[in-house]
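The primary structure of each chain is shown beneath.
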Amino acid sequence: MAFVDTPRDEHDRALMVLLAQAEQEDLSLLVDYLTAHGQQRASHSDARSVLLQAQAAHAYSLQVLDTMLAELKRFGDNNILKLFRRGEGPAYIDIVRDVARHFKVAFSEADGVDLLEARILDQLMGQAWDKMTDAERAEFNIGLGHVDSAGSAALAGARVALQVGGFAAYRLALFAANSLARSLTGRGLTATTHAALHRTVRALSGPVAWAVSAAWTAFDLASPAYRVTVPCVVQIAYMRQKQSLHICPACESPNEKTARFCSQCGAALSHPVAP
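Cut-offs used in this document
- Residues numbered from 1 in each chain as written.
- Predicted model: local features only at pLDDT ≥ 70, side-chain atom pairs only at ≥ 80, totals over all residues.
- Heavy atoms only, no water.
- Core = buried A, V, L, I, M, F, W, Y, C linked by side-chain atoms within 4.5 Å.
- Buried < 20%, exposed > 50% of the residue type's maximum accessible area, 1.4 Å probe, protein only.
- Contact = heavy atoms within 4.5 Å.
- Salt bridge = Lys/Arg side-chain N within 4 Å of Asp/Glu carboxyl O.
- Helix = DSSP H or I, 4+ residues; strand = E, 2+ residues; numbered from the N terminus.
- 1 Å grid on protein atoms, 1.4 Å probe; cavity = no way out; pocket = protein on both sides within 12 Å on 5 of 7 lines; lining within 4 Å.
- Points joined across faces, edges and corners; volume = space filled by probe spheres on them.
- pLDDT = per-residue confidence, 0-100.
- Axes fitted to C-alpha atoms, helices over the stretch in contact; angles between N-to-C directions.
- Parallel < 35°, antiparallel > 145°, perpendicular 65-115°, else oblique.
- Left-handed = near helix turned anticlockwise from the far one by under 90°.
- Nonpolar A, V, L, I, M, F, W, Y, C, P; charged D, E, K, R; others polar.

**Considerations on the nonpolar core**
With 67 residues, the main nonpolar core has L27, M68 and I120 as its most contacted residues. The residues touching L27, leaving out its near neighbours within four places in the chain, are L19, A22, Y60, L65, M68 and M239.

**Describing the pattern of salt bridges**
It is possible for side chains of opposite charge to pair when their charged atoms get near one another. Tallied over the full model, the rule gives nine salt bridges. Between K73 and D12 there is a salt bridge whose closest N-O contact spans 3.1 Å. A residue pair is termed long-range when its members are at least 10 positions apart, and K73 in helix α4 (residues 62–79) and D12 in helix α1 (residues 10–20) qualify at 61 residues. Taken as a pair, K73 and D12 share a single burial class, namely buried. Across the pair E109 and R101 runs a salt bridge, and its minimum N-O distance is 3.6 Å. Taken together, the salt bridges that share partners define one network made up of D94, R97, R101 and E109.

**Quick look at empty space enclosed by the protein**
One pass over the full model with this rule turns up one cavity of 30 Å³ or more. If you go around the largest cavity, the residues you meet are L15, L19, L30, L34, M68, L69, L72, C232 and I236. Counting residues per element, the ones that place at least two in the lining of the largest cavity are α1, α2 (24–35), α4 and α12 (226–243). Counting residues per element, the lining of the largest cavity draws most heavily on α4, at three residues.

**Here we look at the confidence of the model for the protein**
Close reading of the predicted structure is inappropriate where its pLDDT is low. Taken over all residues, the pLDDT of the protein has a mean of 78, while the share at 70 or more is 72%. Mean pLDDT values for the elements of the protein range from 60 in helix α10 (residues 195–203) up to 94 in α1. In this model, residues 82–86 is a region of pLDDT below 50 whose contacts with residues beyond four sequence positions or in other chains number six contacts.

**Some details on the packing of helix α5 (residues 92–102) against helix α6 (residues 113–131)**
Running from amino to carboxyl end, α5 crosses α6 at an angle of 25°, the nearest separation of the two axes being 10 Å. Looking at the two axes, α5 sits roughly parallel to α6. As for the relative orientation of α5 and α6, their crossing is left-handed in sense. Contact residues: Y92, I93, V96, R97, V99 and A100 in α5; V113, L116, E117 and I120 in α6. For the contact of α5 with α6, the class distribution of residues is eight nonpolar, no polar and two charged.

**A few points about the packing of α5 against α12**
Packing of α5 against α12 brings their axes to within 10 Å, and their N-to-C directions diverge by 110°. With respect to α12, the element α5 is oriented roughly perpendicular. The segment α5 lies against α12, with Y92, I95, V96, D98, V99 and H102 engaging Y226, T229, V230, V233, I236 and R240.

This is how it looks when you write it as structure tokens:
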């Protein structure tokens, strides 16, 4: 694979770990964003072939994930005015910072990548809220597990949760990633059988989905590079929130990462043994 860049930055190494632990469906969406569903978007035709073959085979080796990261960095390089000319492109955190600037998100250079991702999600969902009618806001609140009300308490709580993580933050990240996937690819994330998450996903199939999609258009995604980096950053933010929880294998309820038993069904939750 001539187009693979070995990650050198600590944020790139951390992202490789996240990708290696990700579910195939989530990686498949990243491939769609990077290749425009198999069209001519990827920066190298060979890289595009590698990614599409992995997507078709539902198999993502570390070499494939390395190619995926290299492609994302090349698109990010187009946005950051070629500030990085060493060949491997900017680090992932520089791509996230660029997306944050594009969305007019305030941040400090000291902010970590997870905090930057959370603030981007916060900005996007706040923009979507402003475009919703009262009926759409009520539907949005139901999707977040709150009463049928157009009040902003549910959104405010979820936005606060984004800063600290947990189930509420995961649900909002799911909402954002699913809406963008539907807007750009015509398909969303597969609905889980867990009732609370199923309500969140189902809410995006109604009128509120159009309000969320309209929020994306408020930010200029006309640039070919931003049409890659923005959805990829949102998708990765969602994947990071999901991996911060422990999904019960018995009932698919999300639990805190350190939980030993499922809060819903009581099943024991296994934890990997540290090496």
